[in-house]
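Residues per chain are reported as follows:
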Amino acid sequence: MTELHKNTYPVPEALAKNAWIDKAKYEALYRQSIEDPEGYWAEQAKRLDWIKAPTKIKHSSLDPRNVDIRWFEDGTLNASANCLDRHLETRGDQTAIIWEGDDPSESQNITYRELHARTCQLANALKALGIGKGDVVTLYMPMIPEAAVAMLACARIGAVHSVVFGGFSPDAVAQRVIGAQSKLIITADESVRGGKQVPLKDNVDAALTRQGAEVCEKVLVVKRTGGEIDWHEGRDLWYHEQVDGQPTECAAEEMGAEDPLFILYTSGSTGAPKGMKHTTGGYLTYVSLTHQYVFDYHDGDIYWCTADVGWVTGHSYIVYGPLANGGTTLMFEGVPNYPTPGRMGEIVDKHQVNILYTAPTAIRALRAHGDDVMASSTRESLRLLGSVGEPINPEAWEWYYRVIGNSRCPVVDTWWQTENGGILIAPLPGATDLKPGSATLPLFGVRPGIVDNDGNLLEGAAEGNLVILDSWPGIARSIWGDHERFTQTYFSTYPGMYFTGDGCRRDEDGYYWITGRVDDVLNVSGHRMGTAEIESALVAHDAVAEAAVVGFPHDIKGQGIYIYVTLTEGHEPSEELQKELVKWIRTEIGPIASPDVIQWAADLPKTRSGKIMRRILRKIAANETDGLGDTSTLADPSVVDELIEHRANR
Ligand code: 6R9
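These figures come from a predicted structure and were not determined experimentally.

Enquirer: Honestly, unusual backbone geometry in this entry has me stumped. Any pointers?
Expert: Negative phi characterises most residues that are not glycine, and trans characterises most peptide bonds. That bond from Tyr-338 to Pro-339 is cis: its omega, -5 degrees, falls within 30 degrees of zero. Take Pro-339: it is sitting in the loop between strand E17 (328-332) and helix H13 (343-351).

Structure, rendered in structure tokens:
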């Protein structure tokens, strides 16, 4: 076992006094939530406005022969009404969304009343276009208020949104449109990030030429930059033309608690990305609870989560959690280091942000500039810091605490996944003493376990694979259109338990330390990617006979992408081909999948049954060639020496 970081940071007393949850409450409520989940969650469901209150609280089978998860199943509600309408009377004039543009001179405050009106107008426009309950709408959008409006408008009429990250390629868009049989895309002419334009509409045009993508009949285009775009008469529609003049009221559809709210695609260790299906009642209850308690959110707080709405963090902690709680949520269009490296701190000062939730990769990138990078801001408004997306190394944690938070603000390291809907393991700022590098303790209703490779549950201090032993309201219910794959992926490795794919240690205080993925999933700058996805993109290229992709430790990104490529006959390694392959991956998947290192490999290490030994490839990529372990099962061990000799990461 590796040495754990030893510093601890006790709960600041002043904070504990005003916090929603202190130590005693955490312990009592946690116990209740595990011993009597029905009672606990029946009470928590009351944080939402139900049209018909649920009487059936929990129905959960994690048995791989019959995975069936339902929460609040006989209740009905509308998510958009819970995020908007119910706040109008008490906080109609309060800011719901602070929008900060890529260009520091652009920002907007949108009140709950305005957000409600804009959402209703779009909801009416969608209905006029024939979109209704159960239809899937794809959103491929910049970080502009219309993205949140579009999510809420879909929810309002019972349509299911499927947000595709604006950095993904046309092929990735097409794959998701086809996978979800989506009839409509909402996009923008261009997005703006770090002073550069990204041609979203062009990408949609390209995506819709792919076979099968003709299922998408209409494209609604927000005019963001006014940049030049092609126009397909009869298919393309300007957002503003459809929305202006629509009534600012639109009745919210009555939805069953288990009706789908959204699909969100995420990468796994095998095959194409999986469309995780999240439903309405349990999801919204769970994100409302976790947003309130983990960030100790109080009325009037200004809260900023720097994620993109294309990821689950944006769904749960920019849009649904904060708005369900009547909060003020900041939405930032740009990148954290533009136009100045200290932009993040400058935004905190400008909008007097109290709670900042960001990713380790952003913190490490700032830290690389030195402490002075924060000199352009005071950040005195901050009260709490959060981290998400990947393990945060203790050095980055300490820097975040000391430099960004002026040694005043607790850091909540929140562990969770797209499949989870909301945060599962994290400190509560008024209750949990902090240990840098540890996500600490489970939230209410969450029962983590650590199993060895044979599935035996380990007690006490232990290291192994992280599983969750019972369902919680926010868990995804299925993979869109493929329940069998859902069962296979999450509930069959350790039958009857939800397998996270993460490795984990539990220390003698019961604190959890996530050690990273134990499967073939990479986490590059907090973005999740399947090695299989990148490999299949590579072998689609003429020159590539075979490819193996592994991660290696990277100072800023957490993990870098290292690719081994075996060429087809007639192709020779060259710098041009290397560039060509990088470009290929960027167009097939998107810039986030750009490889850091490509190594030409005459052959790959394989077992006698033909399986690539990734363990060995990972070691070579990490330059850890002394401890290669057992290579005796390889069909041809000499392949390894050859790869070591030509390793590319020196
Ligand atoms: C929310 C989100 C999930 C994977 C997860 C794990 C890693 C996320 C983490 C963390 C250590 C944290 N991860 N948060 N690892 N500490 N606080 O990121 O979802 O994109 O699905 O990624 O990210 O490996 O399995 P998603």
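Enquirer: Hey, could you run me through the sheet that holds strand E19 (residues 384-388) in this one?
Expert: Sheet strands pair via backbone hydrogen bonds, and the direction of the pair is either parallel or antiparallel. Strands sit in the order E5-E4-E17-E16-E18-E19-E20 across an open sheet of seven strands; the sheet is mixed. One side of each edge strand has no neighbouring strand; the edge strands of this open sheet are strand E5 (107-111) and strand E20 (411-414). Each neighbouring strand pair of the sheet contributes to a mean axis angle of 20 degrees, computed without reference to strand direction. Alignment of E19 against E20, held across four bridges, turns out to be parallel. Paired with Ser-387 across the two strands is Asp-413, which belongs to E20.

Enquirer: Hey, could you run me through the UniProt feature "binding site: ATP" (unreviewed entry) in the protein in this one?
Expert: Per the UniProt entry, the sites bearing "binding site: ATP" (unreviewed entry) are Gly-389, Glu-390, Pro-391, Asp-413, Thr-414, Trp-415, Trp-416, Gln-417, Thr-418, Asp-502, Arg-517 and Arg-528 in this numbering. Mapped onto the fold, Gly-389 is located in the loop between E19 and helix H15 (394-404). For Gly-389, the contacting residues outside a window of four places in its chain are Asn-523 and Gly-526. Considering the arrangement of structural elements, one finds Trp-416 in the loop between E20 and strand E21 (448-451). Setting aside its immediate chain neighbours within four residues, Trp-416 contacts Val-312, Thr-313, Ser-316, Tyr-317, Tyr-357, Val-388, Gly-421, Gly-422, Ile-423 and Leu-424. A polar atom in the side chain of Trp-416 sits 3.3 Å from the side chain of Tyr-357.

Enquirer: What's the story with the site of the ligand in this structure? I'm lost.
Expert: Near the ligand, the surroundings consist of 17 residues, among which Asp-413, Thr-414, Thr-418, Asp-502 and Arg-528 are the closest. Within the contact set of the ligand, a nitrogen atom lies 2.7 Å away from a backbone nitrogen or oxygen of Thr-414. Note that an oxygen atom of the ligand is positioned 2.7 Å from one of the side-chain N or O atoms of Arg-528. For the ligand, whose free accessible area comes to 530 Å², the fraction covered by protein is 96%. Within the residue set of the shell around the ligand, elements represented by two or more residues are helix H12 (312-324), E20 and strand E25 (512-517).

Enquirer: Help me understand the UniProt feature "binding site: Mg(2+)" (unreviewed entry) in the protein, please; the structure alone is not making it clear to me.
Expert: The UniProt record annotates "binding site: Mg(2+)" (unreviewed entry) at Val-539, His-541 and Val-544. Structurally, Val-539 can be placed in helix H17 (residues 531-539). Once you skip the residues sitting within four places of it in the chain, Val-539 turns out to touch Val-544, Ala-545, Glu-546 and Ala-547. Mapped onto the fold, Val-544 is located in strand E28 (residues 544-554). Taking the relative accessible area as the measure of exposure, Val-544 reaches 4% and is therefore buried.

Enquirer: I'm lost on the nonpolar core in this one. Help?
Expert: Side chains of nonpolar character tend, in soluble globular proteins, to be buried together. Formed by 158 residues in total, the largest nonpolar core has its most connected members in Leu-122, Leu-126, Ile-186, Phe-295, Tyr-320 and Ile-534. Top contributing element to this core by residue count: helix H7 (residues 145-157), with 10 residues. Leaving out residues up to four positions away in the same chain, Tyr-320 has contacts with Ala-79, Cys-83, Met-151, Leu-152, Ala-155, His-161, Leu-261, Phe-262, Tyr-283, Leu-284, Val-287 and His-315. Counting residues in hydrophobic clusters, the runner-up holds 28 residues, among them Tyr-9, Val-348, Val-403 and Val-411.

Enquirer: Can you help me understand the packing of aromatic side chains in this one?
Expert: Aromatic rings considered in pairs are described by the distance between their centres and by the relative angle of their planes. A full pass over the atoms with the stated rule returns 34 aromatic pairs. Taking the centre distance of 5.9 Å and the plane angle of 85 degrees together, the rings of Trp-304 and Phe-332 count as edge-to-face. With Trp-304 in strand E16 (residues 302-305) and Phe-332 in strand E17, this pair connects stretches of sequence that are 28 residues apart. Across the pair, Phe-332 and Trp-304 agree in class, each one buried. One aromatic cluster is present, built from ring pairs that chain together Tyr-26, Tyr-30, Tyr-40, Trp-41, Trp-50, Trp-71, Phe-72, Tyr-286, Tyr-293 and Phe-444. Over the ring of Tyr-293 we find Arg-47; its NZ or CZ atom is 5.5 Å from the centre of that ring. Above the face of the Trp-238 ring, Lys-223 is positioned so that its terminal group lies 4.9 Å from the ring centre.

Cut-offs used in this document
Residues numbered from 1 in each chain as written. Predicted model: local features only at pLDDT ≥ 70, side-chain atom pairs only at ≥ 80, totals over all residues. Heavy atoms only, no water. Helix = DSSP H or I, 4+ residues; strand = E, 2+ residues; numbered from the N terminus. Pairing = 2+ DSSP bridges. Axes fitted to C-alpha atoms, helices over the stretch in contact; angles between N-to-C directions. UniProt positions renumbered as here; feature names shortened; annotations may be inferred. Contact = heavy atoms within 4.5 Å. Polar contact = N/O pair within 3.5 Å; in protein donor to acceptor, adjacent residues only side chain to side chain. Near = heavy atom within 4 Å. Areas by Shrake-Rupley, 256 points an atom, 1.4 Å probe, with all protein chains shown as cover. Buried < 20%, exposed > 50% of the residue type's maximum accessible area, 1.4 Å probe, protein only. Core = buried A, V, L, I, M, F, W, Y, C linked by side-chain atoms within 4.5 Å. Phe/Tyr/Trp six-rings, centres within 6.5 Å; stacked < 30°, edge-to-face > 60°. Lys NZ or Arg CZ within 6 Å of the ring centre and 35° of its normal.

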